[in-house]
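Geometric and topological summary
Chain by chain, the residues run as shown.
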Amino acid sequence: MSSLKKRRLSYRLDLLPVILPFHRRAKNDLKMGDLVYYGPSPEYYGIGEVVQVEEKVCVVDFRGTGLMGIHKDELLASYLIPIHKLNLSRVLKSR
């Protein structure tokens, strides 16, 4: 029998608001260096930094911060929720 260990996340992702990840009118103007998370369950992917932007697609470096241990992924910008626009910097500091 293998026991599943629950990883301890480096951020308090449970404090991030649950936001539907995609809206057909979403116009996220993301730039390199922006902190984002993939909604509505940020604990799975974690918090990442936009490292490349090509039209509507962003490459995000999650650095394994979420439960799935994803390091880099390519996602449509409309699925990403920018942290700076929601003024969520207090979540990152409350460790």
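The rules behind each value
Residues numbered from 1 in each chain as written. Predicted model: local features only at pLDDT ≥ 70, side-chain atom pairs only at ≥ 80, totals over all residues. Heavy atoms only, no water. Helix = DSSP H or I, 4+ residues; strand = E, 2+ residues; numbered from the N terminus. Buried < 20%, exposed > 50% of the residue type's maximum accessible area, 1.4 Å probe, protein only. Contact = heavy atoms within 4.5 Å. Areas by Shrake-Rupley, 256 points an atom, 1.4 Å probe, with all protein chains shown as cover. Core = buried A, V, L, I, M, F, W, Y, C linked by side-chain atoms within 4.5 Å. Pairing = 2+ DSSP bridges. Axes fitted to C-alpha atoms, helices over the stretch in contact; angles between N-to-C directions.

Bringing the overall build of the protein into the picture now. Within the protein, the secondary structure is distributed over 2 helices and 5 strands. Ordered by position in the sequence, the α and β elements of the protein form the string β-α-β-β-β-β-α. For the protein, buried positions account for 34% of its 95 residues. Contacts spanning at least 24 positions in sequence make up 47% of the contacts within the protein whose residues lie at least 6 apart. Here the protein has roughly 6,700 Å² of accessible surface; of this, 52% comes from carbon and sulfur atoms.

Ranked by size, the top nonpolar core spans 11 residues in total: Leu30, Val36, Tyr45, Val50, Cys58, Val60, Phe62, Ile70, Leu75, Ala77 and Leu80. Look past the residues within four positions of Ile70 in its chain and what remains in contact with it is Tyr45, Phe62, Arg63, Gly64 and Thr65.

Let us look at the sheet that holds strand E2 (residues 47-54). Spatial ordering of the open sheet is given by E4-E3-E2-E1-E5, a layout of 5 strands whose pairing is antiparallel. Looking along the sheet, the strands with just one partner apiece sit at the ends: strand E4 (72-76) and strand E5 (80-82). Strand-to-strand, the axes of this sheet are offset by a mean angle of 45°, without reference to chain direction. Two strands pair when backbone bridges link them, and strand E1 (residues 35-38) and E5 are joined in this way by 3 bridges, in the antiparallel orientation. Directly across from Tyr37, in E5, lies its bridge partner Ile81.

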